[in-house]
Every structure is written in C-alpha cells, then in structure tokens.
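Each chain is listed here by its residues.
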Amino acid sequence: MISFVLLILCLFRQEVNSFSFLLRRMQYRSEYAHSPGAIDPEPIAWTRRTRYSGKYPKNYNEKYKEHSRNATVVAKVIEKGGTPAGSHIPILVNEIVDLVPNASSSSKNNKTVVSMDCTLGYGGHTKSILNKLFKQQNTQFRHFMIDQDCIEMTKTKDRIEETFGAKNMACLSFHHLNFKDIESLISKECLHGQVDFLLADLGFSSMQIDDPARGFTYKVNAPLDMRMDVSSSGKTETAYEYLSRVRCKELEAVLKENSDECLALPLARALVTEPIPSTTTALADRVRACYKAHHLSSQQQRTGSTSSKEDLNKAVARTMQAIRIEINGEFQALDNLLSSLPGLLSPNGIAVFLTFHSGEDRRVKKAFKSGFKNGIYSEWSREVTRAGAEERRSNPRSKCAKLRFAIRSGLPPDGLQLEVSVPSCG
C-alpha cells in the first residue's frame, strides 16, 4: 500500500513538472509572437536540478535551497551552528555598531560623517552600520565599501541596493580595491583626515571558504588556487604557481612567519618536491604524510602517544593559511593600512579591526600601542573583545575572532611615523 502511494506521488510530481514546463513554453511563445518580424526561437531545453544522494545535500553546488535563501532552510542551518552556502554570518556586529559615531552630533557642525568598510565581503557589517546611520534624523553621511574580491562584491552590491533602495545609493560607493592601496582612494575623494569610522574585518569570508572552486579548503578536491582577487587586474598567482617557483628556504620562512609552524623546514621540503601538489587534497595529503614522518615519530618516542586526525587537519589548515597570506600579500596590505591610519582618520575618528590569528593581532596591537605612545591615538583597546558564548555556539567561526579599536587624537607632529613592522616569529 505504501509503495502504491509513493508511485502515485511520483507520477503526480512528474505531471506537475511537465505542466509547469508547458506553461512556461506557451507564455514565452505568446510574448515572443508580439515582436514584429520575430523568428520562432529554438525550443526551450527543460533541465532538472542536480540530484543528490541521501536526504540532505552535501556538496556546495547541491545546496540550492541555501543559495536561493529559502528562509526555512537557512534558519535550520543557522540554528545548528552552520553557515548557509554562499553566505557569511558577520561577527561581533553589535560591538562594532556601538563604536560607529553618532552622525546627528556631526550634522550640527555641518560635517558629513564618513565611514568606510575596507573588507565588504557579504555586507553583513555594512548593513548594520547603514541601518544605524539611516535611522538617525537629519544626518549627512558617506559610506565607502572596499573589497578586492570582484566576484562577491558584485553580488553584495545588488543585495545592498535591494535592501536600502536605489534612491539611497547616492551616499554609498563601491570600490574594487585592495585596502593596501587605500591611499589612492583617499586622494581621489579628498578624504585625508576626514574618515570618522573605519572597519577592517581581516582574513577571508565563508563564501570563499565554502566554494570549492576558490581552492581555500582541503575538505573538497579542487584546483589549488586561493586567490582573493581572481580578476585580470589582480595579477595574483595561484597557490600552485607559487609552490612551483618558490625556493625551500623562502617557503620555510613563510611557514614560520605566517602560521608559527614548528615543522617549517620538513614541510617546505615536502611541498616543493616534484610533483608539486596541484589540488587542495593533494596538498593536504602531502602535509599529513610529512607530519606523520617527522612530528609523530618524535612525539611517540617522547610520550608513546599518537596524533589525532584533528591534529593533522590543523597542520593542513596552518599550511594553507601561510600560503594564502603570502600569495595575497595580506600582511603587507595590513601594514600599509595601519601606517596610513593617522592620515585617514579625523580627530576622534575610530578604527576597528577584527583579526583571526596571532600574526594579524600582533601587527594591530603593536601599531595601536606605538600610536598611543606617540600621541596619535587618545585611546586603544589593550584587551581584545571576543564573541560571547551564545555567538560562539551559533557561529563557530567566531571563536578565534579578536576585536581591537583605536580612537584618533589631534594631528601628530610633522614627519611622525608609526612602527608597524613585526619581527619574524621563527
């Protein structure tokens, strides 16, 4: 009886799909027929969505309901502590929005508030910032959004325009730019000493991690890419191209500096040995094999224990982090931004940085501490702000996030420079 009912339901579903297809076909012909001199188009190819095995989709491209923002499915994914495919959950939103200056007080002095999101990404932080600014009465503000990822920026621009309406876009501007080149934007827009609020959410976003085509994750076999900017103007080499040309000593230094890797030399030798790993899983297998051969043997001799799968995966993640930082020039970009801050911020302007590993936080902390000592900043956060227990539960990717801010004081003496270089941690 159950089999018979299932058969009836399948037949009914096929009939509904066929009727829907015929209806679209008739509507298209009807609309096309009204075009003068129109030639009958080719028949519409009816394609089914990709089927997947099991009850729930596992691969990124199969999660069509998450990509289409099905409210019920998205809510279930977030409730379980996951991130819906193709999206990003912003971290420490309330803490960041609380630091956004009150635009109404600036409007009394006929000053336009200037805010800047240097890492637009999915636009979660920017949406919350704009909600606060738009709600304030009789305010004038300009909000600049910067990102080097042209793929995600186009999508985010459409979402923001849909949220706030085309009429409100005049005070918003989007810039495909790496924030290391922020000085060019400041000069073009005459914003020296005018930025009241600046946010930099460092690292990379969930959309980049989860999309296997971008090559940021070892969990799915994909080409070893890891470029933030895939446009022709980006001129960034892929991770595979980098490993194909880098020397062992140089890679060893990169692994030490960018991820505090204790097995930097053996890993560097393994990764530059032919054949060079060209996929994410090939790289992961090479790292795991190296760790088993070097680290685990010495560990077993000392303690008699074996390393877990989690330890090996952490080693892979650290290695990919180090290579990603190097090919995208992330530390150089961060140093440039930190050294440019004194000339960008207005008096009492606030700079907020979200960091996700020690290499980033060391640089931000040292720059803020040096600026405070030299009178550039009137206040800075000596202690980091972290996500609370509820946020860490609902968004596990927030666990390693650290928030620091600095408040600009008056103009520094001529020629005063910030120290932002950080010595190697090897």
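Everything numeric in this text was worked out from a predicted model, so none of it was measured. (Residues numbered from 1 in each chain as written. Predicted model: local features only at pLDDT ≥ 70, side-chain atom pairs only at ≥ 80, totals over all residues. Heavy atoms only, no water.)

## A short note on the overall build of the chain
Argument step 1. Per the secondary structure count, the chain includes 18 helices and seven strands.
Argument step 2. The buried share among the 426 residues of the chain stands at 45%.
Argument step 3. In the chain, once contacts between residues fewer than 6 apart in sequence are set aside, the share between residues at least 24 apart is 72%.
Argument step 4. Taken as a whole, the chain presents about 22,800 Å² of accessible surface, with 53% of it coming from carbon and sulfur. (Helix = DSSP H or I, 4+ residues; strand = E, 2+ residues; numbered from the N terminus. Buried < 20%, exposed > 50% of the residue type's maximum accessible area, 1.4 Å probe, protein only. Contact = heavy atoms within 4.5 Å. Areas by Shrake-Rupley, 256 points an atom, 1.4 Å probe, with all protein chains shown as cover.)

## What about the sheet that holds strand E6 (residues 377–380)?
Argument step 1. Here we have seven strands laid out as an open sheet, ordered E3-E2-E1-E4-E5-E7-E6, and mixed in their pairing. Looking at the sheet topology across the chains shown, the edges are occupied by strand E3 (172–176) and E6. For this sheet, the mean inter-axis angle between neighbouring strands, taken without regard to orientation, is 15 degrees.
Argument step 2. Looking at chain direction, strand E1 (residues 113–117) and strand E2 (residues 141–147) are connected through five bridges and run parallel. If you follow Val114 over to E2, its bridge partner there is Arg142.
Argument step 3. In the packing of helix H6 (residues 124–135) onto the sheet, contacts are made with E1, E2, E3, strand E4 (195–201) and strand E5 (345–355), and the angle to E2 comes to roughly 175 degrees.
Argument step 4. Contacts between helix H7 (residues 150–164) and the sheet are confined to E2 and E3, with E3 contributing the most and set at about 170 degrees to the helix. (Pairing = 2+ DSSP bridges. Axes fitted to C-alpha atoms, helices over the stretch in contact; angles between N-to-C directions.)

## Brief notes about the packing of helix H12 (residues 264–271) against helix H13 (residues 280–293)
Argument step 1. Contact pair H12 / H13: the axes reach a minimum separation of 10 Å and the direction vectors enclose 135 degrees. Taken as axis vectors, H12 and H13 run oblique relative to one another. By crossing handedness, the relation of H12 to H13 is classed as right-handed. Contacts between H12 and H13 involve Pro266, Leu267, Ala270 and Leu271 from the former and Leu283, Arg286, Val287, Cys290 and Tyr291 from the latter.
Argument step 2. Looking at the contact of H12 with H13 residue by residue, the class counts come to eight nonpolar, no polar and one charged. (Parallel < 35°, antiparallel > 145°, perpendicular 65-115°, else oblique. Left-handed = near helix turned anticlockwise from the far one by under 90°. Nonpolar A, V, L, I, M, F, W, Y, C, P; charged D, E, K, R; others polar.)

## A look at a positive patch on the surface
Argument step 1. Among the surface-exposed residues, Lys365, Lys369, Lys373 and Arg382 lie close enough to one another that they form a single positively charged patch.
Argument step 2. If you trace the backbone, Lys373 turns up in helix H17 (residues 358–373).
Argument step 3. Residue Lys373 is classed as exposed on the basis of its relative accessible area, which comes to 73%. (Patch = residues over 30% accessible without salt bridge, like charges linked within 9 Å, V, L, I, M, F, W, Y side chains within 5 Å. Salt bridge = Lys/Arg side-chain N within 4 Å of Asp/Glu carboxyl O. Lys, Arg positive; Asp, Glu negative; His and termini not counted. Charge placed at Lys NZ, Arg CZ, Asp CG, Glu CD.)

## Focus on the pattern of salt bridges
Argument step 1. Evaluation of the coordinates by the stated rule reveals 17 salt bridges.
Argument step 2. For Glu189, the salt bridge is made with Arg142, and the minimal N-O distance between the two is 2.9 Å. Of this pair, Glu189 sits in helix H8 (residues 182–189) while Arg142 sits in strand E2, placing them 47 residues apart in sequence.
Argument step 3. The exposure class assigned to Glu189 is partly exposed, which follows from its relative accessible area of 21%.
Argument step 4. Among the salt bridges present, the one from Asp285 reaches Arg288, with a minimum N-O distance of 3.4 Å. Note that Asp285 and Arg288 are positioned in helix H13 at a spacing of three residues, about one turn of the helix.
Argument step 5. The class for Asp285 is partly exposed, based on a relative accessible area of 47%.
Argument step 6. Connected through salt bridges with shared partners, the residues Lys249, Glu252 and Lys256 form a single ionic network.

## Describing H7
Argument step 1. Helix length check: H7 (15 residues) gives 21 Å between terminal C-alpha atoms against 21 Å at 1.5 Å per residue, within 8%.
Argument step 2. Every buried residue of H7 is accounted for by Glu152, Met153, Thr156, Arg159, Ile160 and Phe164. Axial view of H7: buried residues confined to an arc of 130 degrees, hence all on one face.
Argument step 3. Residue Asp149 occupies the N-cap position of H7, its side-chain oxygen lying 3.0 Å from the main-chain nitrogen of Ile151.
Argument step 4. Of the residues one or two after H7, Gly165 is the one with positive phi, at around 85 degrees. (Expected span 1.5 Å × (residues − 1). Arc of directions from axis to C-beta. Polar contact = N/O pair within 3.5 Å; in protein donor to acceptor, adjacent residues only side chain to side chain.)

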